[in-house]
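# Summary of structural features
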Amino acid sequence: MNKSKDNSNGIINSSIIVLVLLLILSLVILFVRLAIQLPHTDDTFVICPKFDTVEVGDNKQIWDLDTNVTIFKTSKVDEYGNVVVESIHGDKIIAPGMEGNYRFEIRNSSKFAVDTKTIVTAQLTVNGEVLENTPIEVRFSDYKGENVTEGGWVNVNNIGEFIDELTIGKKCYVFFNLDWRWVFEGSNDELDTLLGNLSCDNEVEFTINIVSSATRCGDKNAEGGLPLVNVYTPSGELDITPLIAANVIVLFVIIVLLIIENHRRKNKKAKYKIASKE
Amino acid sequence: MKKNIMMRLSALLLVAVLLTTCVISGTFAKYVTTYSAKDVAQVAKWGVVVETKLDDLFETAYDDATGTVQAADTYNILAPGTTDGQVEAFKISGTPEVAVNVNVDVDVTLTNWKLKDDSVYCPLVISVNGTKYQIDATNTTTAKLEEAVEEAIKTALGHGNHNAKTNLNKTVDIAWEWPFSTSDANDKNDTYLGDQAEAGNAPTFGLDIKVTVTQVD
């Protein structure tokens with residue numbers, strides 16, 4: 001009798017210890033997960049950026065928030081080596097006859113498909129105010145070669161913002177090409193000259209902004225994109241799914257044990273009652 | 001009693017773990033990753049200015065040592081002893097951030113500067129930025145004199161292609177002179193030209209300058 005009492009106490013005590021440990025672990029994970037959802041800026045404390053398994057970047061750098069990238073250059077050299085466009089102060093510069101291309105990728109190295117939304121805005125401003133008449137054109141296309149901008153090249157007057165939504169499968173990536181140009185021949189020479197003269201005494205700037213966001217897809221096995229060749233799994237990455245599965249299994253076992261224990265006690269009480277009646 | 005407390009504690013912990021597990025699962029659905037990038041370029045400066053005062057190169061009347069030379073009508077005239085000129089007859093300024101082509105189109109015309117025997121007689125001395133050009137051993141004809149003056153003006157204004165960030169500041173001072181009574185023979189020749197003017201065959205000196213600055217690709 002004492003031995004069975006000890007056994008039942010042991011099961012309950014063990015269950016309590018395991019439940020306490022599971023609770024502590026779950027609370028820690030919950031805290032980390034909530035902290036990661038905070039905006040990633042220089043002023044915000046980030047617990048572990050390695051949990052970000054969706055990356056956006058080009059061939060030189062991975063993006064963060066408000067990353068400065070190289071879409072424009074500070075000069076243009078012709079085929080003979082002559083410098084045909086160059087900034088006096090070393091700024092990035094744009095002029096008739098210049099064009100460029102910027103390629104960036106969204107890489108999903110997680111175990112879940114993600115839905116992405118990419119927004120590109122292009123504006124010509126004079127002292128911060130948007131100029132509605134500009135000679136610059138852009139073309140935005142995705143990894144399938146399809147133009148997001150209808151008809152290919154579009155003047156930034158007509159559409160100041162381009163949006164593309166794609167699903168990227170697990171361990172896959174997509175890429176985009178952003179082309180821009182300021183046509184030399186066949187454009188409006190008067191407008192070009194006006195902008196060039198304005199630039200002497202004003203801040204006349206052409207700005208391109210790109211924002212890419214990713215959320216977990218409802219169907220984690222959804223397909224889309226191109227397969228990643230070398231999937232980088234940062235050390236220290238914690239896959240939560242097995243932990244949740246383990247939680248459920250352990251809880252199930254404990255519930256069964258508690259039910260068995262409860263049933264055994266009821267039987268004991270019944271035996272005592274019968275014994276006392278006798 | 002102790003067992004009841006332990007059972008209750010177990011049940012409480014069970015509920016707590018179930019709840020936190022559910023909340024963790026829920027945070028996955030709200031996980032959003034956002035990245036952004038930007039770049040800015042300045043529009044290349046132009047700022048090229050071309051100015052001219054060429055209209056002030058000739059007059060309808062001059063005051064010289066012999067008195068006043070006056071045109072009979074409202075046309076510009078030349079005569080022995082007259083001189084005029086214009087500082088900064090043409091001026092280009094600016095430092096564009098693009099390569100440019102400066103095209104200086106100059107047309108100097110010297111007509112009817114010949115004598116009765118068809119030999120060339122043009123006593124004018126034309127100076128471009130202080131350098132004098134006239135009929136001499138180098139410029140033996142009016143055509144050669146025209147060409148020499150045209151080339152001088154083109155050079156002075158930077159005719160040709162220039163790389164980006166080149167300071168285009170250039171000016172050209174143009175002046176002319178018809179020397180007075182350099183010799184008896186020239187006096188006779190000057191008189192002959194004057195008679196030709198009376199007869200409707202007046203020698204003329206024309207100067208037409210057009211400057212265009214264009215970006216090159």
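Scroll up for the structure.
Residues numbered from 1 in each chain as written. Chains lettered and ligands numbered in written order. Predicted model: local features only at pLDDT ≥ 70, side-chain atom pairs only at ≥ 80, totals over all residues. Heavy atoms only, no water.

## Focus on the sheet that holds strand β9 (residues 160-162) of chain B
Residue and element names in this part refer to chain B. In plain terms, the rule: Strands qualify as paired when DSSP identifies two bridges or more between them. Runs of H or I in DSSP of at least four residues are treated as helices and runs of E of at least two as strands, each being numbered from the N terminus. Every axis in this analysis is a line fitted to C-alpha atoms, fitted for helices over the stretch in contact. Angles between the N-to-C directions lie between 0 and 180 degrees. The contact rule is simple, with two residues in contact once any of their heavy atoms fall within 4.5 Å.
Pairing is antiparallel across the open sheet formed by three strands, whose spatial order is β9-β6-β11. If you trace the sheet from one side to the other, it starts and ends with β9 and β11 (204-215), each paired once. The mean inter-strand angle of the sheet, taken between neighbouring strand axes irrespective of direction, is 15°. Strand direction decides the pairing type here: strand β6 (residues 100-111) and β9, joined by three bridges, are antiparallel. Counted as the bridge partner of Val100 is His162 from β9. With respect to the sheet, helix α2 (residues 142-156) is in contact with β6 and β11, its orientation differing from that of β6 by roughly 155°.

## Observations regarding the environment of Val183 of chain A
Residue and element names in this part refer to chain A. Here Val183 lies in the loop between β12 (172-182) and α2 (189-201). As a C-alpha pair, Val183 and Gly90 span 93 residues in sequence and 23 Å in three-dimensional space. Excluding residues within four positions of it along the chain, Val183 makes contact with Pro96, Gly97, Glu137 and Asp192.

## Quick look at the pattern of salt bridges
Applicable threshold: Salt bridge, as applied in this entry: a Lys or Arg side-chain nitrogen positioned within 4 Å of an Asp or Glu carboxyl oxygen.
Enumeration over the complete set of coordinates arrives at nine salt bridges over all chains. Between Glu55 of chain A and Arg107 of chain A there is a salt bridge, with its nearest N and O atoms 3.9 Å apart. On the criterion of sequence distance, the pair formed by Glu55 of chain A in strand β1 (residues 54-57) and Arg107 of chain A in strand β6 (residues 99-108) is long-range, its members being 52 residues apart. Between Asp217 of chain B and Lys76 of chain A there is a salt bridge, and its shortest N-O distance comes to 2.7 Å. Of the two residues, Asp217 of chain B sits in the segment after β11 while Lys76 of chain A sits in strand β3 (residues 75-77), which places them in two different chains.

## Observations regarding the interface of chain A and chain B
This is how it is decided: Note: buried area is the sum, over both parts, of the accessible area (probe 1.4 Å) each one loses when the two are combined. By the criterion applied in these results, polar contacts are pairs of N or O atoms within 3.5 Å in which, for protein atoms, one can donate a hydrogen and the other can accept it, and in which residues neighboring in sequence qualify only through two side-chain atoms.
Every contact between the two is made by 77 residues of chain A and, on the other side, 46 residues of chain B. Together, the buried faces of chain A and chain B total about 5900 Å²; carbon and sulfur atoms form 62% of this surface. Summed over the shared surface of chain A and chain B, the result is three salt bridges. Residue Lys92 of chain A is joined to Asp39 of chain B by a salt bridge in which the shortest nitrogen-to-oxygen separation is 2.9 Å. The tally of links between chain A and chain B comes to 28 residue pairs in polar contact (both at pLDDT 80 or more). By residue number, the principal contributor to the side of chain A that touches chain B is helix α1 (residues 2-36) of chain A, which donates 16 residues.

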